[in-house]
Structure formats: structure tokens, C-alpha cells
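Structure assessment
For reference, the chains in residue letters:
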Amino acid sequence: MSALSLHAQRGVRIGYIDTEYILENVPEYQEASAQLDARAQKWKNEIQGKLSTVAQKRKDLSNEKALLTQELIDERQEDIDFEENEILDYQQKRFGPNGDLFIQKRSLMQPIQDQIFSAVQDIASGKKYDFIFDKSSDAVMLFSAKQYDLSEQILRSIKRTSKRTQAQSKAARKEAENEELIPEINEEKEAREKALEEKKVARESAIEKARQEKLAAREAKVKASEERRRKILEDREKAKQSKLESRSATTEAIVTEGAGDLQKATADEKVAEPKTREQLIEENRQRKLKEREERKKALEERKRKILEDRQKAKDSINASRK
């Protein structure tokens, strides 16, 4: 009863801290946070660049659809979808709920949170606080008096602990500068993270397996398409050779027929020796040239006769007018 009476007389001691303010004033946290932000921005730029490339490929395919067969359109569309899915999987790996950014943020926050919790426990125990709240948490604080803010005390406690740790030895200071912010974890937490890592590895393995299967299927399609293209080219070449052979046979027949006509025309002539094929062709050519000259002379004669008739008619008309 006396203890309860004493507690009632002194009243309830309440304090609060501002975790965001503390983190903003811890240099190690700010430096590591800046590095993490730069890394996240690099991942975002990389993903954005890949998505832009995929968008350009979709645009090019849309512009070229009129020139492609439906099979080629489907193959290119499948390749574009495959690349886009790979980018989305990579985005999930980096920024997903269990992605690299979340894990590294947790690794960055855990050591500072442990230090804050330890400092809060020491101050609450030493100064007999009954409640200490976090102003930056989800708890709504409609009003908070400044004299109950313990953030500066927590911050000084963290800095003193850091200085004591750094002042032990030169080798220790150098090691602390190069050491990454890795949180201490208990066995249960380690088991959970191990299970998450195993799930992550299994998921990546399944993704890689599916990727390899899609690549193999795409290679098979490309190979089949190349084989069809080779067969089409061979068929075209055979058709071309067939046409050339047919044309050559037709020319040979014409030449043979002309030579036969020439031989028939000169069958009655007496020759000492049979004429060669070249001689027959030349005689046929000379005969055709002679016929062309005769037709030309006949045309010239007809033209001359028409001009003379016109001139006579003109002279007759002039004479009648006089």
C-alpha cells in the first residue's frame, strides 16, 4: 500500500522520442541511406531504359505489320512479351516486398533501431519513466510538450556509444569505417530470412528454367523458319532454272526450224558439200535482210508515187484557177 501511495504521489512519468529526427542526425545512417537511394535510382533508370526499348520495339512492330506475315508478327510479339516479363521480374526482384531494396533497408534500419531501443531502455530504467512513445510512429499525438521530448538524450547516447567504440584502437576504427551496417539477428529471425532466401532462390531458378525453355522454343521456331525460307529459295531457283531451260529449248527449236526452212529452200540447188549450221543461219539472216530491203524500197516507191499524185493534183487545181 505504501508503494502504491508513493507511486500515486509522484504521478506517472511519460516521455516521447522522434525516431525520424534521430535518424536524420546519425551520420552513419545518412551516408548509408544516401548510398542506398543512389543504388535504387540506378535500378529505376535501368528498368526504365529497358521498358523504353520494349516500347520502341512494339512501335516498330506496329509500323511494320503491313510488311510481315502473321507468323512473323506472332513470333516478334512473343519475343517482346518475353522481354517485358523479364523486366517485370527484375523489377519485382529489386523493389518487391521481399526485394533487394526492402532487405537492404531493413539491414540499414535494424542496427539504429537496436541502438535507439537500448538507449530508451536505459533512460526509462534510470529516470523511472512509465511510458515512452514514438512521435513518428502510427500512434496519433495531438499534442506533445517539448520538455517531455527525449530525442536529444537518445541521440547523445547513441553518439557516445559510437565514440567509445571508435576510440578503442586505430585498427578497430579502420575496421569500423569499412564495416557494413549489418543487423544482429536471433536464430528465429535468421531461420525466417533463410526460408525467404530459399524461396527467392527457388523462384529465380524457376524463372530461369522458364526463360531457358522459352529461348529453346524460340530457337526452334527460328530454325524452322530458316529451313522454310531455304526451301522456298531452292524451289524458286529450281523454277528459274526450269524456265531458262525451257526458253533455251524454244530458241533451239526456232533456230532448228529456220535452218530446216533454209535447207528446204536450197534443196534443189546442187552443192558439192553439205552446208554447216552456221552457214545456214547466215544465209537465213541474209535472206531476211534482203526481204527487209525490198519492203523498204517498195515503201519508198509508194511514198514517191503518192507525192507525185499530190503534186499533179495541186498543179491541176492551180491551172484551173488561172
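Residues numbered from 1 in each chain as written. Predicted model: local features only at pLDDT ≥ 70, side-chain atom pairs only at ≥ 80, totals over all residues. Heavy atoms only, no water.

**Remarks on the overall build of the protein chain**
The helix and strand tally for the protein chain stands at nine helices and two strands. For the protein chain, the α and β elements follow one another from N to C terminus as α-β-α-α-α-α-β-α-α-α-α. Looking at the 322 residues of the protein chain, the share that counts as buried comes to 18%. A fraction of 76% describes how many contacts in the protein chain between residues 6 or more apart in sequence connect residues 24 or more apart. (Helix = DSSP H or I, 4+ residues; strand = E, 2+ residues; numbered from the N terminus. Buried < 20%, exposed > 50% of the residue type's maximum accessible area, 1.4 Å probe, protein only. Contact = heavy atoms within 4.5 Å.)

**Details of the packing of aromatic side chains**
In the structure shown here, the tally under the stated rule is two aromatic pairs. Consider the rings of phenylalanine 131 and phenylalanine 133, whose centres lie 6.3 Å apart with planes at 10°: the pair is stacked. Positioned above the aromatic ring of tyrosine 129, the side-chain terminus of arginine 13 is 4.6 Å from the ring centre. (Phe/Tyr/Trp six-rings, centres within 6.5 Å; stacked < 30°, edge-to-face > 60°. Lys NZ or Arg CZ within 6 Å of the ring centre and 35° of its normal.)

**Overview of helix H4 (residues 70-95)**
With 26 residues, H4 extends 37 Å from end C-alpha to end C-alpha; this agrees with the ideal 38 Å at 1.5 Å per step. Buried within H4 are the following residues: Ile73, Glu75, Ile80, Phe82, Ile87, Tyr90 and Arg94. (Expected span 1.5 Å × (residues − 1).)

**A word on a positive patch on the surface**
Together, Arg13, Lys127, Arg156 and Arg160 make up a positively charged patch on the protein surface. Within the secondary structure, arginine 13 is located in the loop between helix H1 (2-10) and strand E1 (14-17). Arginine 13 gets classed as partly exposed once you look at its relative accessible area, which sits at 35%. (Patch = residues over 30% accessible without salt bridge, like charges linked within 9 Å, V, L, I, M, F, W, Y side chains within 5 Å. Areas by Shrake-Rupley, 256 points an atom, 1.4 Å probe, with all protein chains shown as cover. Salt bridge = Lys/Arg side-chain N within 4 Å of Asp/Glu carboxyl O. Lys, Arg positive; Asp, Glu negative; His and termini not counted. Charge placed at Lys NZ, Arg CZ, Asp CG, Glu CD.)

**Quick look at the nonpolar core**
The biggest cluster of nonpolar side chains holds 30 residues, and the ones touching the most others in it are Ile17, Ile22, Val26, Tyr29, Ile112, Ile116 and Ile154. The contacts of valine 26, once residues within four sequence positions are left out, are Ile112 and Leu155. (Core = buried A, V, L, I, M, F, W, Y, C linked by side-chain atoms within 4.5 Å.)

**Comments concerning helix H3 (residues 27-64)**
In a regular helix each residue adds 1.5 Å, so 38 residues correspond to 56 Å; H3 covers 56 Å between its end C-alpha atoms and thus fits that length. Those residues of H3 not exposed but buried are Tyr29, Ala32, Ser33, Leu36, Ala40, Trp43, Ile47, Val54 and Leu61. Against helix H2 (19-24), H4 and helix H5 (100-126) lie the buried residues of H3.

**Details of the packing of H3 against H5**
Interaxial distance between H3 and H5 falls to 11 Å at its minimum, and their mutual angle equals 175°. The pairing of H3 with H5 is recorded here as roughly antiparallel in orientation. Facing Tyr29, Ala32, Ser33, Leu36, Arg39, Ala40 and Trp43 of H3, the residues of H5 in contact are Asp100, Leu101, Gln104, Lys105, Leu108, Met109 and Ile112. Partitioning the contact of H3 with H5 into residue classes produces nine nonpolar, two polar and three charged. (Axes fitted to C-alpha atoms, helices over the stretch in contact; angles between N-to-C directions. Parallel < 35°, antiparallel > 145°, perpendicular 65-115°, else oblique. Nonpolar A, V, L, I, M, F, W, Y, C, P; charged D, E, K, R; others polar.)

**Focus: the confidence of the model for the protein chain**
For the protein chain, per-residue confidence averages 78 on the pLDDT scale, and residues scoring 70 or more make up 77% of the total. In the model of the protein chain, H1 stands out as the element of lowest mean pLDDT, 47, in contrast to H4, which has the highest, 90. Taken together, the stretch residues 176-186 has pLDDT below 50 and engages in 12 contacts with residues farther than four places along the chain or on a different chain. (pLDDT = per-residue confidence, 0-100.)

**Structural notes on the pattern of salt bridges**
If the charged atoms of two oppositely charged side chains come close together, the side chains can form a pair. Counted according to the given criterion, the structure contains 21 salt bridges. A salt bridge links arginine 58 to aspartate 81, with the shortest nitrogen-to-oxygen separation between them at 2.9 Å. Placement of arginine 58 in helix H3 and of aspartate 81 in helix H4 is noted, with a sequence separation of 23 residues between them. A relative accessible area of 29% places aspartate 81 in the partly exposed class. When the shortest N-O distance is used, the salt bridge between aspartate 100 and lysine 200 registers 2.9 Å. Highlighted residues: aspartate 100 in helix H5 and lysine 200 in helix H8 (residues 187-265), separated in sequence by 100 residues.

**A look at the side chain of asparagine 284**
Looking at where asparagine 284 falls in the secondary structure, it is placed in helix H9 (residues 277-321). Assessed through its relative accessible area of 12%, asparagine 284 is described here as buried. At 2.5 Å, the side chain of asparagine 284 forms a polar contact with the side chain of arginine 287. (Polar contact = N/O pair within 3.5 Å; in protein donor to acceptor, adjacent residues only side chain to side chain.)

**Section: the packing of H3 against H4**
With their axes 10 Å apart at the nearest point, H3 and H4 run at an angle of 165° to one another. In terms of their interaxial angle, H3 and H4 are classed as roughly antiparallel. Judged by the twist between their axes, the crossing of H3 over H4 is left-handed. Its residues assigned to classes, the contact of H3 with H4 shows 11 nonpolar, two polar and 12 charged. (Left-handed = near helix turned anticlockwise from the far one by under 90°.)

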